[in-house]
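One-letter residues, chain by chain:
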Amino acid sequence: VRNAMKVLFSLIICLYFPSALSCPNFYGKWKSSSEMTMDFTNKWTKIEERAKSLLEQITGTAVVEYTTSKMIITDIPIKQISINGKQSEWHGLNQTIEYNLLGCTDDSVAIKYSLFGYDFIEQMYFINEDTYWIYSGSAKLTENSHTREFFVRVKPIKSGKTNE
């Protein structure tokens, strides 16, 4: 009787709440949003002005494309940035990286990948079907920034090109 109740309960959940067992659709192209990232940073984080300045200069250019097994990151190869009035070169990441889907809820996706000899677990938190954010702060830094980088879906336009 207990097993029958479990099966019946699972069936009801699947029929009436299908999103409880599905991942957000994260496949496709996503562009970093400097505007959303900086809005959140300015409102909610406590980081030094030089860190804010750096974040503002390096977000908003990357495009990440997710296939069923790969993450393709395309960014500006080299960009001039200014840190405390000193000019430096920022080298954007341009890599194709294999990942494993670890799991999901109806509003988040967790993946694992290796980059530069290190393993990473990244969780994407979906605000809606066209916007997600990742945590980009670190407790290992001298200040715990709690920053987030936001990404918006790159949608195809009528000509078959994208709105990058």
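Residues numbered from 1 in each chain as written. Predicted model: local features only at pLDDT ≥ 70, side-chain atom pairs only at ≥ 80, totals over all residues. Heavy atoms only, no water.

Undergrad: What should I look at first to understand the packing of aromatic side chains in this one?
TA: A ring pair, where both rings are aromatic, is described by two values, the distance of the centres and the angle of the planes. For the coordinates displayed, the defined rule picks out 12 aromatic pairs. The interplanar angle of 70° and the centroid separation of 4.9 Å between the aromatic rings of W30 and Y132 together place this pair among those described as edge-to-face. Separated by 102 residues along the polypeptide, W30 in strand β1 (residues 28-33) and Y132 in strand β9 (residues 131-135) bring together distant segments of the chain. Each member of the pair, W30 together with Y132, is buried. Put simply, the rings of F26, Y27, W30, Y66, Y99, F126, Y132 and F151 pair up and form one aromatic cluster. (Phe/Tyr/Trp six-rings, centres within 6.5 Å; stacked < 30°, edge-to-face > 60°. Helix = DSSP H or I, 4+ residues; strand = E, 2+ residues; numbered from the N terminus. Buried < 20%, exposed > 50% of the residue type's maximum accessible area, 1.4 Å probe, protein only.)

Undergrad: Sorry if this is basic, but what is going on with the pattern of salt bridges here?
TA: Close approach of charged atoms allows side chains of opposite charge to pair. In this structure the tally under the stated criterion is 4 salt bridges. Put simply, K52 and E49 hold a salt bridge, and the shortest N to O gap is 3.8 Å. Of the two residues, K52 and E49 are both situated in helix α3 (residues 49-58); the distance of 3 residues between them amounts to about one turn of the helix. Look at E49 and you get exposed, because its relative accessible area is 58%. Between D130 and R153 there is a salt bridge, and its shortest N-O distance comes to 3.0 Å. Here R153 lies in strand β10 (residues 148-153) and D130 lies in the loop between β8 (118-128) and β9, a separation of 23 residues in the sequence. A network of salt bridges, in which partner residues are shared, links D130, R153 and K155. (Salt bridge = Lys/Arg side-chain N within 4 Å of Asp/Glu carboxyl O.)

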